[in-house]
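The primary structure of each chain is shown beneath.
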Amino acid sequence: MAASGKLSTFRLPPLPTIREIIKLFRLRAVKQLSQNFLLDLRLTDKIVRKAGDLTDAHVYEVGPGPGGITRSILNANVAELLVVEKDTRFIPGLQMLSDAAPGKLRIVHGDVLTFKVEKAFPESLKRPWEDDPPNVHIIGNLPFSVSTPLIIKWLESASHRDGPFAYGRTRMTLTFQKEVAERLVATTGSKQRSRLSIMAQYLCDVKHIFTIPGQAFIPKPEVDVGVVHFTPLTQPKIEQPFKLVEKVVQNAFQFRRKYCHHGLGMLFPEAQRLESTGRLLQLADVDPTLRPCHLSLLHFKSLCDIYRKMCDEDPQLFAYNFREELRQRKSKNQNKDDNRESCRL
Ligand code: SAM
């Protein structure tokens, strides 16, 4: 150890630029796969800096592609970097980085949507949930079509404390389409307030740390990109099962422009809708004429707590799905029409 108490720092040796790597390995971005690469190492350094102090960290990078962010992570003095990449074309370029950083980079050819990260790092990294976050970080710039379903999956994992959160309150720094980043952090009453705002904020401290203009990517995407940092909360703001919270939030936001009682009413079968919605709103102390975007996390906490009580009283209630009822009604009507038609024939 150096006199300053810091471990000696690691820097990658001089390497071909990312642009040269793209040329060398013919890594043309596949538009259908929404591949947009970051070539500016000042920007990739900035993403990595904003992830926090990565000294001695174990980092999981999702979708490294040609390796811009990968280089910045390796230069941040990490203990180990695990990358999971779906497209085989990128593996040789990543292998070159691995050779330049012996023992530091582990490459997995796989899919981040199914990869089991809970087994990837040493058990000794695990921290009790209430402690400071473990020295395990997730970083990535994925296609938008993957990052949104992935964050929903990981929020559910955070609520169960499994997957990446088997280590404790693992921090994540991920990119999203700017509008999605804005929704993730939207506060009560703002135009962008949505289902995603509640689901993310009841479980995590969420920060939109900066925006990267579309022109920084090759090829340029249609939209700008938001970099978002998540730290799971020691105590979730709603203490009910994830699926129950998801159901209440989904229903509340399904008629965005109407009063919240319209959407929340759809939690209940038609025969009891009026009465049960009134009871839910009254016991939760929520004004039925608030619009969904004006509901605070505290409102959602009360709504979920009361809905949970109502589900405990009526075990059939949670399974009720008004869309399913609508679908069945439609198909019944369709059958009636078909029968009428065949009688006429
Ligand atoms: N991170 C690189 C950068 O910033 O330049 C590449 C970004 S590109 C938008 C997304 C990368 O994620 C591509 O390399 C793509 O092949 C990879 N990818 C897409 N879906 C994936 C998945 N399900 N699992 C793993 N990698 C995936």
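Anything mentioned here points back to the structure above.
Each chain has its residues counted from 1, following the order in which its sequence is written. Reporting in this predicted model follows two pLDDT cut-offs: at least 70 for local features of residues, and 80 or more for side-chain atom pairs to be given and counted; totals over whole chains, interfaces and linings ignore these cut-offs and use all residues. In computing side-chain properties, one takes all heavy atoms of the structure into account and sets aside hydrogens as well as water.

Asks: When you look at the overall build of the protein in this model, what are you seeing that I'm missing?
Replies: Note on conventions: DSSP H or I runs of at least 4 residues are helices, E runs of at least 2 residues are strands, and numbering of each starts at the N terminus. For the protein, the helix and strand inventory stands at twelve helices and nine strands. Dimensions of the protein, computed from C-alpha atoms along their principal axes, come out at roughly 75 × 60 × 35 Å. Contacts between residues were defined by any pair of non-hydrogen atoms, one from each residue, lying within 4.5 Å. Across the protein, contacts joining residues at least 24 apart in sequence account for 70% of those joining residues at least 6 apart. Surface accessibility follows the Shrake-Rupley procedure with a 1.4 Å probe radius. Residue values consider only the protein chains on display as shielding. When the accessible surface of the protein is split by element, carbon and sulfur atoms take 51% of a total near 17800 Å². Counted as positive: Lys and Arg. Counted as negative: Asp and Glu, with His and the chain ends omitted from the count. Where a charge sits is defined by one atom per residue type, namely NZ (Lys), CZ (Arg), CG (Asp) or CD (Glu). Across the protein, the mean location of the 51 positive side-chain charges is 5 Å away from that of the 38 negative side-chain charges.

Asks: Just to check I follow, could you spell out the environment of Arg273 for this structure?
Replies: Note on placement: Arg273 falls in helix H10 (residues 273-284). Residue classification places Arg273 among the buried residues on the basis of a relative accessible area of 17%. Considering only alpha carbons, one finds Arg273 and Arg71, 202 residues apart in sequence, at a separation of 56 Å. The contact partners of Arg273, leaving out residues within four places of it in the chain, are Gly265, Met266, Phe268, Tyr320, Phe322 and Glu325. Reaching out from Arg273, the side chain makes a polar contact with the side chain of Tyr320 at a distance of 3.0 Å. Each residue's exposure class comes from its accessible area (1.4 Å probe, protein chains only) as a fraction of the maximum for that residue type: buried when under 20%, exposed when over 50%, partly exposed otherwise. Pairs of N or O atoms within 3.5 Å make up the polar contacts considered here, provided that, within protein, one atom can donate a hydrogen while the other can accept it, and that residues adjacent in sequence are counted only when both atoms are side-chain atoms.

Asks: Sorry if this is basic, but what is going on with the environment of Val227 here?
Replies: Looking at where Val227 falls in the secondary structure, it is placed in strand S9 (residues 225-232). Val227 sits in the buried class, given a relative accessible area of 0%. For the pair Val227 and His208, spaced 19 residues apart in sequence, the C-alpha separation works out to 5.9 Å. Setting aside residues up to four positions removed in sequence, Val227 forms contacts with Ile47, Thr173, Leu174, Thr175, Lys207, His208, Ile209, Phe210 and Ile212.

Asks: Help me understand the packing of aromatic side chains in this model?
Replies: By convention here, two paired aromatic rings are described through the distance between centres and the angle between planes. Pairing of aromatic side chains requires ring centres within 6.5 Å, counting the rings of Phe and Tyr and the six-membered ring of Trp. Pairs whose planes differ by under 30 degrees are stacked, by over 60 edge-to-face, and all others tilted. Evaluated as defined, the whole model comprises eight aromatic pairs. With centroids separated by 6.1 Å and ring planes inclined at 70°, the aromatic side chains of Phe176 and Phe230 adopt a geometry described as edge-to-face. Here the residue Phe176 occupies a position in strand S6 (residues 171-177), and Phe230 occupies one in strand S9, the gap between them amounting to 54 residues. For the pair Phe176 and Phe230, one class covers both residues: buried.

Asks: Would you mind showing me how to read the sheet that holds strand S7 (residues 204-212) here?
Replies: Strand pairing in a sheet relies on backbone hydrogen bonds, with the paired strands running either antiparallel or parallel. Strands are treated as partners if at least two bridges between them are detected by DSSP. Ordered by their spatial adjacency, seven strands build an open sheet running S4-S3-S2-S5-S6-S9-S7, and the pairing between neighbours is mixed. The open sheet has two edge strands, strand S4 (105-109) and S7, and neither has a second partner. On average, each strand axis in the sheet is tilted by 20° relative to the strand beside it, whichever way the strands run. Here S6 pairs with S9 via six bridges, running antiparallel. Residue pairing for S9: Gln177 is matched across the bridge by Val225. Along the sheet, helix H2 (residues 41-50) contacts strand S5 (136-140), S6, S7 and S9; its crossing angle with S7, the most-contacted strand, is approximately 165°. Between N-to-C directions, angles span 0 to 180 degrees; the directions come from axes that are lines fitted to C-alpha atoms, helices contributing only their stretch in contact. With respect to the sheet, helix H5 (residues 144-160) is in contact with strand S2 (58-62), S5, S6, S7 and S9, its orientation differing from that of S6 by roughly 145°.

Asks: Looking at this model, I keep getting lost on the pattern of salt bridges. Mind explaining?
Replies: Pairing of side chains with opposite charge becomes possible as their charged atoms draw close. Salt-bridge detection follows one rule: a side-chain nitrogen of Lys or Arg within 4 Å of a carboxyl oxygen of Asp or Glu. Going through the model one piece at a time under the given rule, you end up with 13 salt bridges. Between Lys243 and Glu156 there is a salt bridge whose closest N-O contact spans 3.4 Å. Note that Lys243 is positioned in helix H8 (residues 242-252) and Glu156 in helix H5, a separation of 87 residues in sequence. The class for Lys243 is partly exposed, based on a relative accessible area of 44%.

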